[in-house]
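Chain residues, written in single-letter form:
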Amino acid sequence: SAGVKIFSTQAVNPLVGSSRCTFWVMDREARLELGRNVGCSGACLCAARLIEIGEGTIVGAGALIVDNDFHLPGENWTWRDTPVETARPVIIGRGCFIGARAIVLKGVTIGDGAVIAAGAVVTKDVPASHLASGNPATSVPLPPKWLR
């Protein structure tokens, strides 16, 4: 999309460190959709089905967004590669901020204008104009000064 910005150097964002942005689709049918003016700094997005990020959203340094579990237990202490089998779409709205080192897991929808705090582990939906923080993340309405 137009205006998408991908930063992988400390010159742009000192929190990036040696991390590079990683965008990965794990299946021919998988989609990774970035809206206009999305910005990412050293983030990792990995889709087996769908990750959609709305326009004007910023994804902070080292953030991880995945739509699947990657592996399931197999027989005799082995692991099966099952990203497509376990995938559930991740939808992130417009004008959101995903903080540094935040993790957004499969099946989550984040509403427009929501803020995900640094280091949060988001396992369930976050309503529009809410702040999600903690592990697992809980959300509260944004203070009025943050609303548009």
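Check the entry above for the structure.
The paragraphs below set out a description of the structure included in this document. Owing to the predicted nature of the structure, the values given are computational and were not obtained by experimental measurement. (Residues numbered from 1 in each chain as written. Predicted model: local features only at pLDDT ≥ 70, side-chain atom pairs only at ≥ 80, totals over all residues. Heavy atoms only, no water.)

### Here we look at the overall build of the protein chain
Heads up, the rule is: Working definition: helices are DSSP H or I runs of at least four residues, strands are E runs of at least two. Numbering for both runs from the N terminus. Working definition: with a 1.4 Å probe on protein chains only, accessible area under 20% of the residue-type maximum means buried, over 50% means exposed, and in between means partly exposed. What makes two residues a contact is simply this: any of their non-hydrogen atoms within 4.5 Å. Residue exposure ignores everything except the shown protein chains as possible cover, and the areas themselves are Shrake-Rupley values with a 1.4 Å probe.
When its secondary structure is counted, the protein chain shows one helix and 18 strands. Counting all 148 residues of the protein chain, 41% fall into the buried class. Sequence separation of 24 or more characterises 28% of the internal contacts of the protein chain that already satisfy a separation of 6 or more. Total accessible area computed for the protein chain in this model is approximately 8,100 Å², and 56% of it derives from carbon and sulfur atoms.

### Considerations on the pattern of salt bridges
Selection rule: By definition here, a salt bridge exists when the distance from a side-chain nitrogen of Lys or Arg to a carboxyl oxygen of Asp or Glu is within 4 Å.
Per the counting criterion, the structure on display carries four salt bridges. Among the ionic pairs, glutamate 33 bridges to arginine 31, the shortest N-O distance being 2.5 Å. The salt bridge involving arginine 94 is made with aspartate 112; its shortest N-O contact spans 2.8 Å. Here the residue arginine 94 occupies a position in the loop between strand E11 (90-92) and strand E12 (97-98), and aspartate 112 occupies one in the loop between strand E14 (109-110) and strand E15 (115-116), the gap between them amounting to 18 residues. Of the residues examined, arginine 94 reaches a relative accessible area of 46% and is grouped as partly exposed. The exposure class of aspartate 112 is partly exposed, given its relative accessible area of 33%.

### A few points about the sheet that holds strand E5 (residues 44-47)
The test is simple: Any two strands between which DSSP finds at least two bridges are classified as paired.
Strand order across the open sheet formed by five strands is E2-E5-E8-E13-E16, with parallel pairing between neighbours. The open sheet terminates on both sides in strands that have one partner only, identified here as strand E2 (22-25) and strand E16 (121-122). Bridge count between E2 and E5: four bridges; the pairing is parallel. Within the sheet, the bridge partner assigned to threonine 22 lies in E5 and is cysteine 44.

### Focus on the sheet that holds E11
The sheet built from four strands is open, its strands ordered E3-E6-E11-E14 with parallel pairing. Single-partner strands in this sheet number two, and they are strand E3 (31-34) and E14. When E3 meets strand E6 (residues 50-53), the two strands line up parallel, connected through four bridges. From the neighbouring strand, arginine 31 faces E6, where its bridge partner is leucine 50.

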